[in-house]
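Letter by letter, the chains look like this.
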Amino acid sequence: MAHKKAGGSSRNGRDSQSKRLGVKVYGGERVNAGQILVRQRGTVVHPGANVGVGRDHTLFARAAGQVQYAVKGEDSKKTVSIVAERSPA
């Protein structure tokens, strides 16, 4: 008697959702306070002036202004800062 093996289901098809990490705002761009600058795992980019760090190492603007990326220190750490706008007086 001829037999045909049962067509089993594929063993693939499982994957986690993408986390959409990376730089969200680039150097020279203007941001508002609270805007997300970088989403990351660990501190790949370190916070500078007017930049805060969230629980998941997300960097966000603490003040409105212009974004500025730089490499600082002996160990060449990447940093992001916000050059705050002057409030009209």
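Refer to the preceding data block for the structure.
Residues numbered from 1 in each chain as written. Predicted model: local features only at pLDDT ≥ 70, side-chain atom pairs only at ≥ 80, totals over all residues. Heavy atoms only, no water.

Caption draft 1: Representation of the sheet that holds strand β8 (residues 77–84). Spatially, 4 strands are ordered β2-β7-β8-β4 in an open sheet, and the strand pairing comes out mixed. Of all the strands in the sheet, just β2 (30–31) and β4 (45–47) have a single pairing partner and so form its edges. Alignment of β4 against β8, held across 3 bridges, turns out to be parallel. For Pro-47, the partnering residue across the bridge sits in β8 and is Val-80. (Pairing = 2+ DSSP bridges. Helix = DSSP H or I, 4+ residues; strand = E, 2+ residues; numbered from the N terminus.)

Caption draft 2: Fine view of the sheet that holds strand β6 (residues 59–61). The 4 strands lie next to each other as β1-β3-β6-β5, forming an open sheet whose pairing is antiparallel. Unpaired on one side and paired on the other, β1 (22–23) and β5 (51–53) mark the two borders of the sheet. In terms of strand pairing, β1 meets strand β3 (residues 36–39) through 2 bridges, oriented antiparallel. Note on β3: the bridge partner recorded for Gly-22 is Arg-39.

Caption draft 3: The environment of His-57, seen in detail. Examined against the element boundaries, His-57 turns out to sit in the loop between β5 and β6. Residues His-57 and Lys-19 lie 38 residues apart in sequence; the distance between their C-alpha atoms is 13 Å. Ignoring any residue separated from it by four or fewer positions in sequence, one finds His-57 in contact with Val-38, Gln-40, Gly-42 and Thr-43. (Contact = heavy atoms within 4.5 Å.)

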